[in-house]
Amino acid sequence: GMQSRKYGLASDQVVSMNVLLANGDEVVANSNSHSDLFWALRGGGAGSFGIVTQYTVKVFQMPINSMFRLHFLAAPEVVTTWQAFFFTAPNELGTQLTIANGQIELLGHYLGTMNDLKALLATSGMLSLASFQYSIYKSCTGIGARLFLWFDESCSQIDLLTQLPSSKDYGKSKSDYVSNPLPTFAVQ
């Protein structure tokens, strides 16, 4: 998710696993014991290596989640300004840029206060672009942050098993991690 810039992937947080092997043995796989199995089970290999009966994972105290949506008319300077700033932004800031139907939406998740987020965005150059239309800001906790990004701008705290917002909008998306900005000709 958007916190991966700060914390890494979920698989990066696995410390050890108890694994039942095909021969009936149960082993503990971690960086020091059965490290090849540990690597494979965290995504480094393809196939089935055993049944994982227990995981030990690192957990983090989640700080304040400050969320935002910025809306723009589609224009190349939106993408180039976003790239120039967000590739060097603090790891506490995660963003997703979506271009569709002549519009650009920038979703963001900041692990910090709303005042700090607004100060950071003020230095980004995004809010002064001619194609900027409007913004929405919320401070969320827990699951409300996820709901803000995908369903509901209220950051409501709901029981996901019984109260998940129903949506008739289905879609498919693809995401890539990139380490270099798109060249100018690609943005045009």
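To be clear, the structure that these remarks concern was listed above.
All right, on to the overall build of the protein then. Helices and strands together make up the secondary structure of the protein, namely 7 helices and 7 strands. Of the roughly 11600 Å² of accessible surface on the protein, a fraction of 54% belongs to carbon and sulfur atoms.

Turning next to the layout of surface pockets. Empty space within the second largest pocket amounts to approximately 290 Å³. Forming the boundary of the second largest pocket are 13 residues, of which Q3, Y7, G8, A10 and Q13 lie nearest the centre. Grouping the amino acids of the lining of the second largest pocket by side-chain chemistry returns 7 nonpolar, 5 polar and 1 charged.

Mapped onto the secondary structure, T88 falls in the loop between helix 3 (76-86) and strand 5 (93-100). Looking at T88, the relative accessible area reads 65%, which means it is exposed. Among the polar contacts made by the side chain of T88, one reaches the main-chain carbonyl oxygen of F85 at a distance of 3.1 Å.

Next up on the list: the side chain of N18. As for its position among the elements, N18 is in strand 1 (residues 14-20). Overall, N18 belongs to the buried group, its relative accessible area being 19%. In contact with N18, not counting residues within four places along its chain, are E26, V27, V28, I51, V52, T53 and Q54.

Attention shifts here to helix 4 (residues 114-122). Within helix 4 the residues assigned to the buried category are M114, L117, L120 and L121. Looking straight down helix 4, one finds its buried side chains confined to an arc of 125°; they lie on one side. Relative to its buried face, helix 4 has exposed residues pointing more than 90 degrees away, namely N115 and A122.

Working definition: two side chains of opposite charge can pair if their charged atoms are close together. For the coordinates displayed, the defined rule picks out 2 salt bridges. The closest approach of N and O atoms between E92 and K6, which form a salt bridge, is 2.9 Å. Here the residue E92 occupies a position in the loop between helix 3 and strand 5, and K6 occupies one in helix 1 (residues 4-7), the gap between them amounting to 86 residues. For E92, a relative accessible area of 24% translates into the label partly exposed. Of the residues examined, K6 reaches a relative accessible area of 37% and is grouped as partly exposed. The residue R69 makes a salt bridge to E105 at a minimum N-O spacing of 3.0 Å. Of this pair, R69 sits in strand 4 (residues 65-73) while E105 sits in strand 6 (residues 103-111), and the two are 36 residues apart along the sequence.

Counting 21 residues, the largest nonpolar core has F72, F86, L93, L106 and M126 as the members making the most contacts within it. Secondary structure elements with two or more residues in this core: strand 4, helix 3, strand 6 and helix 4. Ranked by the residues each element gives to this core, the list is headed by helix 3, at 5 residues. Dropping the residues within four chain positions of it, L106 is found in contact with F68, R69, L70, F72, W82, F86, T95, Q96, L97 and M126.

So, how was this worked out
Residues numbered from 1 in each chain as written. Predicted model: local features only at pLDDT ≥ 70, side-chain atom pairs only at ≥ 80, totals over all residues. Heavy atoms only, no water. Helix = DSSP H or I, 4+ residues; strand = E, 2+ residues; numbered from the N terminus. Areas by Shrake-Rupley, 256 points an atom, 1.4 Å probe, with all protein chains shown as cover. 1 Å grid on protein atoms, 1.4 Å probe; cavity = no way out; pocket = protein on both sides within 12 Å on 5 of 7 lines; lining within 4 Å. Points joined across faces, edges and corners; volume = space filled by probe spheres on them. Nonpolar A, V, L, I, M, F, W, Y, C, P; charged D, E, K, R; others polar. Buried < 20%, exposed > 50% of the residue type's maximum accessible area, 1.4 Å probe, protein only. Polar contact = N/O pair within 3.5 Å; in protein donor to acceptor, adjacent residues only side chain to side chain. Contact = heavy atoms within 4.5 Å. Arc of directions from axis to C-beta. Salt bridge = Lys/Arg side-chain N within 4 Å of Asp/Glu carboxyl O. Core = buried A, V, L, I, M, F, W, Y, C linked by side-chain atoms within 4.5 Å.

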